[in-house]
Amino acid sequence: MAIKLLKAGPFSSIQDLGRLDYLSFGVPKAGAMDTLSVRIANEALRNAAQAAVIELTYAQAEIEILSDMLLAYAGQGAVLANGKIPLPANRPLALVKGTRLKLIPDGMGCRTYLATTGGWDVPIAMGSRSTYLQAKIGGINGRLLQNGDILCATAWTTEHQSFFTQLQQSNRSFPLWYIGSGRNLTTPDIPVIRVVRGPEADWFSTESWHKFLSSAFEVDRNSNRMGYILEGHDIQRINKAELLSTAVLPGTIQIPGNGRPVLLMADCQTTGGYPRIAQVAAIDLPLCGQLKPGDQIYFQEISTKEAEVLYLDEQYYFQKIRRAIDLRYYTK
Amino acid sequence: MDALPLNANDLFGYYALGEKAVTIVFGDRIDPAIPPKIRFVENLLKHAPFPGLLTTVAAYTTLCIQYDPFVLKSAYDIGAQSTAEWIFDHISILMQQQPSQTEFMTDVLSIPVCYGGEYGPDLEHVAAHTGLSASEIIKRHTSTTYLIYMMGFLPGFPYLGGLDPSLATPRKTTPQQKVPAGSVGIAGAQTGIYPLESPGGWQLIGRTPLPLFDPEQASPILLRSGQEIRFEAMDHSHFDAYRQDCYGNKTS
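From a predicted model like this one, the values you see are computed outputs, not experimental measurements. (Residues numbered from 1 in each chain as written. Chains lettered and ligands numbered in written order. Predicted model: local features only at pLDDT ≥ 70, side-chain atom pairs only at ≥ 80, totals over all residues. Heavy atoms only, no water.)

Mind showing me how you'd approach the state of the cysteines here?
When the sulfur atoms of two cysteines share a covalent bond, that bond is a disulfide. For the structure on display, the rule yields zero disulfides over all chains. Here B:Cys64 is not disulfide-linked; the sulfur of A:Cys268 is the nearest cysteine sulfur, at 11 Å. B:Cys246 takes part in no disulfide bond, and the closest cysteine sulfur to it belongs to B:Cys114, at a distance of 12 Å. Given a relative accessible area of 28%, B:Cys246 falls into the partly exposed group. (Disulfide = S-S within 2.5 Å. Buried < 20%, exposed > 50% of the residue type's maximum accessible area, 1.4 Å probe, protein only.)

Right under this line is the structure:
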């Protein structure tokens, strides 16, 4: 069960949910930028949460299917097409040997995740398959994917085979069910990202805090998987104390000396010394992973408690989804 | 901010960092007594993880604990408590049950360094800035024991305390594009070692052949916070042989 990347496209890499074991040693988490899409693609194939996926940026990749197999994709900004026929996202796809797939640009967002049965087969490096370029670890030899790379599925069980056959016999290569993401990026409105107050939020004046919550911020072009520099309104500190370097996470929003907020993302350093004005709620962090330079966002404050309830609800939702999908795989 | 005064032992308080992380605070200033305590609590959690514990991040005076509230709340009914509060209480109880000990502090680790020349191109600059001779700088740099307060900035990069203040030299105005792995540098009142090649603005006074970051090893990172190290001057002619020994016959 394998594919060949005829065109890898820019910044394509193998990712999973990240590397958690070495944060205290300064090794960044890395992992997928849009973890919700990873989860959807993996759940569609009943994979483990940590199964490795391919993160494709923008819509330039082209793929050849080298053997009959199951794939699933999820994300924003592109649809996967078989020739000119678009294939639906968020569900399993039974693809036959020789099929050629390509990404076609579609709407807002810039990252698409491609999953296969059991995840893509690359070695575990320091507890994760996530590619982290600076330390050259994870994925294929710690590098970005290249044209001509061949990637294999880790698993192909009798269940996978019978589900594949079932889809083939239905004259469709996919089921009618799919996993809803609850995300609506099709409107031209500026997305609103929910945040909770950060530990140093009171280092800023009330006026600055309100400006932070009422200004539209644009993702600067010097933004990458480490973080986004946000242009819109410079936030000035009133407390000029020196912060001792302490833990930061993907979703932490720091305010450096120039007042321009930095939203930390997957490849961010493990610690930082700039005041943390806010933390993006876990429910909205995956959406941030779809932003590209030039995109705009607003921030909205919620309480830690509210953020937790939103997170818990999402987990209950996926619990239900998992049961529903189990039934569909087993029922003939 | 929901920081609380504390009841137990050495814990100062805690604060939430979003809904999936709580940071335990051990003090409000750099203090050599703190890193071993942080490491102690980190080890406690590692050996007796609570349901939902994802990982920990140690820093100068804080230990950030990342967790999955869904797993925690599925395992325990924590009532009206916030998850952050529950975790803080849990750690306080764990600490009371454990006799406080620092038994894991091993011997001071010696790091061989080739000072000056091609390995330490900025040694002359540091000499000019400090008014000390190169040999005096080496003498002072090798005569202190350094405590690793925390790791960060790069995989395997130690933040060291203990630099002789007379060696303090400002960092470069323009960072260098490629600092080789193993480079030992000075930036302001700090000294440190680059575990892998990266851009950087520190004044490079030497280089160690010892691999600080090697993902192929079972323990990929040589150093960790709470540990003590010393630098030891090494003859330049031994650099390659030493490096060969460390990496074996690996072709990397």
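The structure having been displayed, the exposition proceeds.
Before we go on, may I ask you to explain the interface of chain A and chain B in this structure?
Where the parts come together, the accessible area they lose is often given as the size of the interface. Residue-level contacts link 37 residues of chain A with 46 residues of chain B. Taken over both partners, the interface formed by chain A and chain B buries close to 3400 Å², and the fraction arising from carbon and sulfur atoms is 64%. When the buried area of chain A at its contact with chain B is split by residue, A:Ser24, A:Phe25 and A:Leu244 rank highest and sum to 19% of it. The interface formed by chain A and chain B holds one salt bridge in total. Taking the shortest distance from any N to any O, the salt bridge between B:Lys73 and A:Glu308 comes out at 2.6 Å. Linking chain A to chain B there are eleven residue pairs in polar contact (both at pLDDT 80 or more). If you list the elements that add at least two residues to the side of chain A that touches chain B, you get strand S15 (246-247), strand S19 (276-280) and helix H5 (304-330) of chain A. Considering each element in turn, the side of chain A that touches chain B owes the most residues, nine residues, to H5(A). (Contact = heavy atoms within 4.5 Å. Buried area = accessible area lost by both parts, 1.4 Å probe. Salt bridge = Lys/Arg side-chain N within 4 Å of Asp/Glu carboxyl O. Polar contact = N/O pair within 3.5 Å; in protein donor to acceptor, adjacent residues only side chain to side chain. Helix = DSSP H or I, 4+ residues; strand = E, 2+ residues; numbered from the N terminus.)

What's the story with the packing of helix H1 (residues 34-47) of chain B against helix H3 (residues 83-97) of chain B in this structure? I'm lost.
Packed helices, taken two at a time, are described by their axes: the angle between them and the distance between them. Residues and elements named next belong to chain B. As a packed pair, H1 and H3 sit with axes 11 Å apart at the nearest point and diverge in direction by 100°. On the basis of their axis angle, the class for H1 and H3 is roughly perpendicular. Contact with H1, carried on its side by Val41, Leu44 and Leu45, involves Ile91, Leu94 and Met95 of H3 and no other residues of that element. (Axes fitted to C-alpha atoms, helices over the stretch in contact; angles between N-to-C directions. Parallel < 35°, antiparallel > 145°, perpendicular 65-115°, else oblique.)

Even after reading the chapter, I still don't get empty space enclosed by the protein, so can you show me in this structure?
Sizing a probe to match a water molecule and rolling it over the atoms shows the empty space that remains. Following the criterion strictly, the structure yields two cavities of 30 Å³ or more and no others. One number sums up the size of the largest cavity: a volume of about 50 Å³. Lining the largest cavity, in full, are A:Leu23, A:Lys29, A:Val248, A:Leu249, A:Pro250, A:Cys268, A:Gln269, A:Thr270, B:Val57 and B:Gln66. Considering only residue class, the lining of the largest cavity consists of six nonpolar, three polar and one charged. (1 Å grid on protein atoms, 1.4 Å probe; cavity = no way out; pocket = protein on both sides within 12 Å on 5 of 7 lines; lining within 4 Å. Points joined across faces, edges and corners; volume = space filled by probe spheres on them. Nonpolar A, V, L, I, M, F, W, Y, C, P; charged D, E, K, R; others polar.)

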